[in-house]
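Understanding the architecture of this molecule
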Amino acid sequence: MFDLITPLFSSGSFIPHGHCFLWKPLLVGLHVVSDSVIALAYYSIPITLFRFVQKRKDLPFDWMFALFAAFITACGTSHLMSVWTLWHPTYWLSGGIKAITAIVSLSTAIALFPLMPKALAIPSRAELEAANWSLQQEIAERKQIEAELLHNRELREAIFHESADALFLVDPETLLILDCNRQAVTMFQATNKRELIGIAGHTLQRYQFSADELDAIEAEMQSKGVWSREIEYVTRQGNFFWGSIAAKPITVAGRTINLVQVKDITERKRIALEREQAEQALKLSEARYRAIVEDQTELIVRFLPDSTMLFANDAYFSYFGLRPEEIIGKSYAPVIFEEDQETVARLVQSMSAENPTSTIENRVLVKGEVRWTQWVNRMLLDEQGQFVEFQSVGRDITALKHIEAALRESNRRFATLAEAAPVAIFRYDAEGNCRYVNDRWCEMTGQSSEAGMGGEWLQTLHPDDHDRTIDAWSRWVKSHQPGELFQNEARILRPDGSTLWFYCQVTPETNANGELIGYIGTLTNIHDRKQAEAQLQASLREKEVLLKEIHHRVKNNLQIVYSLLRLQRRKLKDQVAANALLESQNRIEAIALIHEKLYQSEDLSCINLAEYIPSLITNLLSTYNVNRIQIDLRIEIEPALVNMDKAIRCGLIINELLSNSLKYAFPASRQCNPCICINFKEIEKSTFSLIVGDNGIGIPCHINLLCLETLGLQLVQGFVQQLKGTLQVNCQSGTEFYILFPGEDG
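Residues numbered from 1 in each chain as written. Predicted model: local features only at pLDDT ≥ 70, side-chain atom pairs only at ≥ 80, totals over all residues. Heavy atoms only, no water.

Right, let's get into the overall build of the chain. The helix and strand inventory of the chain stands at 18 helices and 22 strands. Burial status across the chain gives 33% buried among its 746 residues. Within the chain, contacts between residues at least 6 apart in sequence are counted, and of these 51% link residues at least 24 apart. For the chain, the exposed area adds up to about 46400 Å²; of that, 57% sits on carbon and sulfur atoms. (Helix = DSSP H or I, 4+ residues; strand = E, 2+ residues; numbered from the N terminus. Buried < 20%, exposed > 50% of the residue type's maximum accessible area, 1.4 Å probe, protein only. Contact = heavy atoms within 4.5 Å. Areas by Shrake-Rupley, 256 points an atom, 1.4 Å probe, with all protein chains shown as cover.)

Take a look at the structure:
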């Protein structure tokens, strides 16, 4: 191998190429610089092509760039060899490099020849720019179309969801709801769309269609393209409303579905109903008006300001015994009593737009007889507010005038009777203003009759009784029953500073129609009685104080006995005797506690067991040195008032039973959660129940409770008999005594 390569680097007998240039520095330098620059340029071009090919992975014919790079590199190398051979005559090596360059150049030329048609087929830059511009235009148009499609879709969705009406998409085969808008969810009070989708649309109706009706609806939609009706619907919350439904088939994505629109017409229905009711009411009113005018027993006429009659009903003609031709078109004056004609004319002329009505009472001549009539006159105006005529409705009040005369006579007699009455009499109107007082009222109050008028009578009340009396009066006015009198006792403060007790009675005064027109009342002097009652109360308070002192002394004496027994118990060494004295102490303390409660009570005849029993239990717990934390003590005592005898017996029963529970129910050898319950309540009217129980070891089943030798339970049975009660014992779980006894009425 070295034998073949060595001649390439051997200069042999050749002379350097510089001899050809006679080693002239300028000429040699020119060739060196030129060949060197060409070589550098040739080497830089492949590097650039290599980088270009690396960056452009999509280039066609990238292998052609590799051939060009090899060809240019070989050319650069041949120029470098030209510089080398100026001093080193290695012409074999130079020739070999040129041969390689020739091979690479020829290969490139050969490879380039078939590539030319393909290269020529590549679009030019102008064509690419034109194609690119066309593509950009197409992309822009496509984006615009997509934007319009998106806008149209959003618009359709907005129209669908923001519609003021409920919209449904319904499967025409199954009649199930495929989709709905937000208004449908709101209108049918659903939680969300999922609650409506998948259900049959006609199930939302209050009255659902039958199969035949559904077939008829489908046939109408196919023939007319649309179907509509007004239907009453029910919401998902169970509320009803009226809706106008319209349905038509539409095609979406090649599929036919039914578009159903529901408009809430509840308000329109309500307005239509109100209009219909108003029209019916108007028709009824017109019918009633015709009936009133045609069949009215009252006298109805219409006339002009100059008294010319325009109309009169049959009742008018019948009342006066006249024919229409004698009245219509003539003056009404002749039927009026002569002395009243001027007054009637003056009152009619005084009417105006500001005063369009007036009531006139006058006498008339009826078949030669003078009678009283009352007329309600009204000015009739047209739509422009211009006066047209007068209308007058009259009635005969002759009997009323006679009644008024009789009433005046009755009032005169009442005033005479009231002035002679031994009690004060007063009269109020419906608003509570005084309108009349008799002389006796003035004597009692020391005031004049004028001072009692209106609301001034309130000043006669004593300041300490003023508010109480007003409150009692207000409550009676609001809630009194028919026939119920207002009754009150209060004091009058007279102008001289003295006071007078009175008893007041007031009754409502009504007219013939039962309407309240005022109040009539009397004041009776009870000053002497009140003074006697005050003396009696003072005497009673003295006796109560004395009785309380007796209870206090009894309690103190029992306390002394209690203390003596306690001192005696401490000196005893016999535990049985000591326990007996302790039980006696507890019984005495139970009785003493009764007297203490009576001493503290306002009512000396009864004891409230809700206050007595808890105090008794507390004393027992203290006696046996028991803490409530050690025992779960459940006390339920309802308030109940009993006399002293029953209270003492109840207290002694509780004392015996609770003492037994504390002493025997919970031995130290038994581990449990001690619980004692005491319950007292009224189960029926005047029947009380007392329960005392525990969850202790209980009473053995073989023991006969009716034949016990223990003093405590014997006392319990005796006290129950004295209370006329019954006793039951339950020993299933612990021990429970259930006692029933009658109250005060038993």
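Having put the structure on the table, let's press on.
A separate point is the nonpolar core. If you look at the biggest cluster of nonpolar residues, it comprises 39 residues, and the most contacted ones within it are I613, I653, L657 and F680. Elements with a contribution of two residues or more to this core: α16 (609-623), β17 (632-637), α17 (644-665), β19 (675-684), β20 (687-694), α18 (711-722) and β22 (735-742). Setting aside residues no more than four positions away along its own chain, F680 makes contact with L609, I613, E636, I637, E638, A640, F688, S689, L690 and F741. Grouped together as the second largest cluster of nonpolar side chains are 24 residues, F168, W227, F241 and V262 included. (Core = buried A, V, L, I, M, F, W, Y, C linked by side-chain atoms within 4.5 Å.)

Taken in spatial order, the five strands make up an open sheet running β17-β19-β20-β22-β21, and their pairing is mixed. Sheet topology places β17 and β21 (726-730) at the edges, where each strand pairs with a single neighbour. Taking the axes of each pair of neighbouring strands and ignoring which way they run, one obtains an average angle of 10 degrees across the sheet. Across six bridges, β17 lies against β19 in parallel orientation. By the bridge assignment, L633 is partnered in β19 with I676. Most of the contacts of α17 go to β20, to which it runs at about 15 degrees, and overall it touches β19, β20 and β22. (Pairing = 2+ DSSP bridges. Axes fitted to C-alpha atoms, helices over the stretch in contact; angles between N-to-C directions.)

A word on the pattern of salt bridges. Counted under the stated rule, the structure contains 24 salt bridges. Linking E232 and R206 is a salt bridge whose minimum nitrogen-to-oxygen distance equals 2.7 Å. Of this pair, E232 sits in strand β3 (residues 227-234) while R206 sits in the loop between α6 (182-187) and α7 (211-224), and the two are 26 residues apart along the sequence. Look at R206 and you get partly exposed, because its relative accessible area is 36%. (Salt bridge = Lys/Arg side-chain N within 4 Å of Asp/Glu carboxyl O.)

Attention shifts here to the pairing of β22. Summarising the sheet, β20 and β22 pair through eight bridges and their orientation is antiparallel. Residue pairing for β22: I691 is matched across the bridge by Y738. Pairing of β21 with β22, which is carried by five bridges, proceeds in the antiparallel orientation. Paired with V729 across the strands is F737, a residue of β22.

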